[in-house]
Amino acid sequence: MKIQCRECNGKAIITSTNRLSCDFTRLYCTCRTAQCGHSFVMQLSYSHGLRPAANKLDQHLVEQMRELPPERLEALMNQLKAG
Ligand SMILES: [Zn+2]
């Protein structure tokens, strides 16, 4: 991950991290530009998923199928059987 210093636009590096939860981490950064040397904290947080994890896909599909009206579920099952 590229970190850019807001003071000089130079390249900064992550010197340490503090994972406060599975969704939120603080990144302690230091600018590598010698004349700047700004050190600062960035925050990294989980926003949202785009696709369920492979190990949760079955569960996700079952939950979605439960919300379908019976006739749509039947049509879907027939489609699956037809290949
Ligand atoms: Zn800088």
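First things first, this report covers the structure right here in the doc. All residue numbers refer to position in the chain's written sequence, counted from 1. Reporting of local features is limited, given that this is a predicted model, to residues whose pLDDT is at least 70; pairs of side-chain atoms are given and counted only at 80 or more, and all residues count toward the totals for whole chains, interfaces and linings. Heavy atoms from the whole structure form the basis of all side-chain values; hydrogens and water molecules are not counted.

Looking at the sheet that holds strand 1 (residues 3-4)
So, point 1. DSSP-based pairing: two strands are paired if at least 2 bridges between them are found. Per the convention used, a helix needs a DSSP run of H or I reaching at least four residues, while a strand needs a run of E reaching at least two, with both numbered from the N terminus. An order of 1-2-3-4 is seen for the four strands of this open sheet, with the pairing classed as antiparallel. Looking at which strands have only one partner, the edges of the open sheet turn out to be strand 1 and strand 4 (39-45).
So, point 2. For strand 3 (residues 24-31) and strand 4, the ladder comprises seven bridges, and the chain directions are antiparallel. Note on strand 4: the bridge partner recorded for Leu27 is Met42.

Quick look at the coordination of the zinc ion
So, point 1. Any N, O or S atom lying within 2.8 Å of the metal counts as a donor, and for Na, K and Ca the limit rises to 3.2 Å; water is left out, so some sites can look incomplete. Those protein atoms acting as donors to the zinc ion are Cys5 (SG), Cys8 (SG), Cys31 (SG) and Cys36 (SG), and they sit at 2.3 to 2.4 Å.
So, point 2. Coordination at the zinc ion is tetrahedral: its four donor atoms span angles of 97 to 115 degrees at the metal.
So, point 3. Site description for the zinc ion: donor spacing in sequence, C-x2-C-x22-C-x4-C.
So, point 4. The cut-offs for exposure are 20% and 50% of the maximum accessible area for each residue type, with area from a 1.4 Å probe on protein chains only; residues under the lower value are buried, those over the upper are exposed, and the others partly exposed. Here Cys36 falls in the partly exposed class, since its relative accessible area comes to 29%. Geometry is assigned from donor-metal-donor angles: four donors are tetrahedral when every angle falls between 85 and 135 degrees, four are square planar and six octahedral when opposite donors sit over 155 degrees apart with all other angles between 65 and 115, and any other arrangement is irregular.

A look at the pattern of salt bridges
Pairs may arise between side chains of opposite charge once their charged atoms sit close together.
So, point 1. Salt bridges are counted wherever a side-chain nitrogen of Lys or Arg sits within 4 Å of a carboxyl oxygen of Asp or Glu. Scanning all chains against the criterion turns up one salt bridge.
So, point 2. With a shortest N-O distance of 3.6 Å, Arg6 and Glu7 are connected by a salt bridge.

Some details on the nonpolar core
So, point 1. Throughout this description, the term nonpolar core refers to a set of buried Ala, Val, Leu, Ile, Met, Phe, Trp, Tyr and Cys residues connected via side-chain atoms within 4.5 Å. Ranked by size, the top nonpolar core spans five residues in total: Ile3, Ala12, Leu27, Cys29 and Phe40.
So, point 2. What makes two residues a contact is simply this: any of their non-hydrogen atoms within 4.5 Å. Not counting chain neighbours up to four residues away, the residues in contact with Ala12 comprise Ile3, Cys5, Thr30, Cys31, Arg32 and Phe40.

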